[in-house]
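Working through the structure, step by step
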Amino acid sequence: MKHAFLSDCHAGQGEQNQELRLQIQHAIEGGAKYIGDIGARIEILMGDTVHHLGNALQQKQTRRELSLEQLAPVRDVLEQQDSPASAIAGNTDWLLSDM
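Everything in this summary refers to the structure shown in the same document. (Residues numbered from 1 in each chain as written. Predicted model: local features only at pLDDT ≥ 70, side-chain atom pairs only at ≥ 80, totals over all residues. Heavy atoms only, no water.)

**Considerations on the overall build of the chain**
Tallying secondary structure elements over the chain gives three helices and three strands in all. Mapped in sequence order, the helices and strands of the chain form the string β-α-β-α-α-β. Counting all 99 residues of the chain, 39% fall into the buried class. Long-range contacts, defined here as pairs at least 24 residues apart, represent 83% of the contacts in the chain between residues at least 6 apart. (Helix = DSSP H or I, 4+ residues; strand = E, 2+ residues; numbered from the N terminus. Buried < 20%, exposed > 50% of the residue type's maximum accessible area, 1.4 Å probe, protein only. Contact = heavy atoms within 4.5 Å.)

**Considering the nonpolar core**
One finds Leu6, Ile28, Ile35, Ile42, Leu71 and Val74 to be the most contacted residues of the largest nonpolar core, which totals 16 residues. Looking at this core, the element that brings in the most residues is helix H1 (residues 18–37), giving four residues. (Core = buried A, V, L, I, M, F, W, Y, C linked by side-chain atoms within 4.5 Å.)

**Looking at the pairing of strand E1 (residues 2–7)**
In terms of strand pairing, E1 meets strand E2 (residues 40–46) through six bridges, oriented parallel. Looking across to E2, one finds that Ala4 is bridged to Ile42. Regarding the hand of the β-α-β motif, the stretch spanning E1, H1 and E2 is right-handed. (Pairing = 2+ DSSP bridges. Right-handed = clockwise from strand over helix to strand, strands pointing away.)

**Observations regarding the sheet that holds E1**
Within the open sheet, the three strands sit side by side as E1-E2-E3. Their pairing is parallel. The sheet is open, and its two borders are formed by E1 and strand E3 (86–87), each paired with just one other strand. Running at roughly 125° to E2, helix H3 (residues 72–80) makes contact with E1 and E2 of the sheet. (Axes fitted to C-alpha atoms, helices over the stretch in contact; angles between N-to-C directions.)

This is how it looks when you write it as structure tokens:
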């Protein structure tokens, strides 16, 4: 079994910048597809999977709903696994509890 460690997806950005939103979405989709293609399982989600959600300086740039939308491919991979992944939370990754 191959093991995947995902770090710093920075989901949640791009509400005001469509190009950034698409770049993040495509990167996460590509990563999730690659994990599936090589038959790996996500072992650990490391810090800043979500981009500074709740940080007063970033609050206007990051949306929880957008984070969940962008992380949907990762959620799909996690739901197909027979055992859960671990999370090493970054400054704002409390959102992972929803996945």
